[in-house]
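# Remarks on the overall topology
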Amino acid sequence: MARYYDLHPDNPQPRTLRQVVDLIRDDGLIAYPTDSCYAFGCRVGNREGLDRIREIRRLDDRHHFTLVCRDFAQLGQFVKVSNSVFRLVKAAIPGSYTFILPATHEVPRRLQEPRKRTVGVRVPRHTVTQALLAELGEPLLSSTLLLPGEEEPLTQGWEIKERLDHLVDAVIDAGDCGLEPTTVVDLSGPEPEILRHGAGDPARFEQ
């Protein structure tokens, strides 16, 4: 059964945060809230966690996973950012955007899109997510909590606990979170390409 952690949305309890982070460091898989709905999360180096997310969501090898980072400095360790892309990304974070960019050598090959060698990155605007990332000290490997055959991601902690009780190790509940997935912007080519319209305003990336 998954553990259920209730965190205050504005002042998450340090002791509970440490318990969640200890579970993540022990290669646990969590469901956690962000500014754009719930997501699965585990350590970047957690190969089993990656496989579990693929199995739950029935994803193929070309699915872009996301590294959820605390800030731009951390994001810059994992993706290559040109001067023009730097300005676009810096102006949009933190926020409900996922950016597809060329991966650096810090990103395991199994997380990269096999043909283009790209990976998704984002910096969320969510107090509890930011507190988790600060305590963890590294990005979370993440994927939207969207189940096979469903059009809407799950957004309630209690429902996730009921439905995924034997598939994840913990569910983090911090009250209301975002209801839409991120807007996904591919910045790996010569021009920005909107791959998914979501919670973030895409207008700044559209020509």
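One structure accompanies this document, and this report is about it. Treat the numbers as computed from the prediction; the structure is a model and nothing was measured.

Calculation rules
Residues numbered from 1 in each chain as written. Predicted model: local features only at pLDDT ≥ 70, side-chain atom pairs only at ≥ 80, totals over all residues. Heavy atoms only, no water. Phe/Tyr/Trp six-rings, centres within 6.5 Å; stacked < 30°, edge-to-face > 60°. Helix = DSSP H or I, 4+ residues; strand = E, 2+ residues; numbered from the N terminus. Buried < 20%, exposed > 50% of the residue type's maximum accessible area, 1.4 Å probe, protein only. Contact = heavy atoms within 4.5 Å. Salt bridge = Lys/Arg side-chain N within 4 Å of Asp/Glu carboxyl O. Expected span 1.5 Å × (residues − 1). Arc of directions from axis to C-beta. Core = buried A, V, L, I, M, F, W, Y, C linked by side-chain atoms within 4.5 Å.

### Focus on the packing of aromatic side chains
- Applying the stated criterion to the full structure yields 4 aromatic pairs.
- With a centroid separation of 5.5 Å and 70° between ring planes, the pair formed by Tyr97 and Phe205 is classed as edge-to-face. Of this pair, Tyr97 sits in strand E5 (residues 97-102) while Phe205 is found in the segment after strand E10 (193-196), placing the two residues 108 residues apart along the sequence.
- With relative accessibility at 5%, the residue Tyr97 sits in the buried group.
- Centroid distance Phe99 to Phe205: 5.7 Å. Interplanar angle 65°. Geometry classified as edge-to-face. Placement of Phe99 in strand E5 and of Phe205 in the segment after E10 is noted, with a sequence separation of 106 residues between them.

### Regarding the environment of Leu29
- Checked against the element boundaries, Leu29 lands in the loop between helix H1 (14-25) and strand E2 (30-34).
- Residues Leu29 and Asp176, 147 residues apart in the sequence, show an inter-C-alpha distance of 21 Å.
- Ignoring sequence-local partners within four residues, the contact set of Leu29 consists of Leu23, Phe40, Gly41, Cys42, Gly49, Arg52, Ile53, Ile56, Leu167, Val168, Asp169 and Ala170.

### A word on the pattern of salt bridges
- Tallied over the entire structure, the rule returns 8 salt bridges.
- Note that Arg163 and Glu159 form a salt bridge whose closest N and O atoms lie 3.7 Å from each other. With Arg163 and Glu159 both in helix H6 (residues 157-163) and 4 residues apart, this pair spans about one turn of that helix.
- Of the residues examined, Glu159 reaches a relative accessible area of 24% and is grouped as partly exposed.

### A few points about unusual backbone geometry
- Cis geometry marks the peptide bond from Ile93 to Pro94; its omega dihedral reads -5°.
- Looking at the element boundaries, Pro94 is found in the loop between helix H4 (83-92) and E5.
- Not every positive phi belongs to a glycine, and Asp27 is a case in point at roughly 70°.
- Position of Asp27 relative to the elements: it lies in the loop between H1 and E2.
- Its identity is not glycine, yet Arg58 carries a phi of approximately 55°, on the positive side.
- Checked against the element boundaries, Arg58 lands in the loop between helix H2 (47-57) and strand E4 (66-68).

### Notes on the environment of Ala170
- Mapped onto the fold, Ala170 is located in strand E8 (residues 170-173).
- Ala170 sits in the buried class, given a relative accessible area of 0%.
- The sequence separation of Ala170 and Tyr4 amounts to 166 residues, and the corresponding C-alpha distance is 5.8 Å.
- Apart from residues no more than four positions distant in its own chain, Ala170 is found in contact with Ala2, Arg3, Tyr5, Leu23, Leu29, Ile30 and Ala31.

### A short note on H1
- With 12 residues, H1 extends 16 Å between its outermost C-alpha atoms, agreeing within 8% with the 16 Å of an ideal straight helix rising 1.5 Å per residue.
- Along H1, the positions that sit buried rather than exposed are Thr16, Leu17, Val20, Val21, Leu23 and Ile24. Buried residues of H1, viewed axially, fall in a sector of 155°; they line one side. When the buried face of H1 is taken as reference, the exposed residues oriented beyond 90 degrees from it are Pro14 and Arg15.
- Those residues of H1 that are buried are in contact with strand E1 (3-6), E2, strand E3 (37-43), helix H5 (127-136), strand E7 (140-144) and E8.

### Some thoughts on the nonpolar core
- With 44 residues, the main nonpolar core has Phe40, Leu67, Phe99, Val121, Leu145, Ile160 and Val168 as its most contacted residues.
- At the level of secondary structure, the elements contributing two or more residues to this core comprise E3, H2, helix H3 (72-75), H4, E5 and strand E6 (118-122).
- With residues up to four places along the chain from it excluded, the contact list for Val121 reads Thr66, Leu67, Leu75, Val79, Tyr97, Thr98, Phe99 and Leu101.
- Counting residues in hydrophobic clusters, the runner-up holds 20 residues, among them Leu7, Val20, Val21 and Val128.

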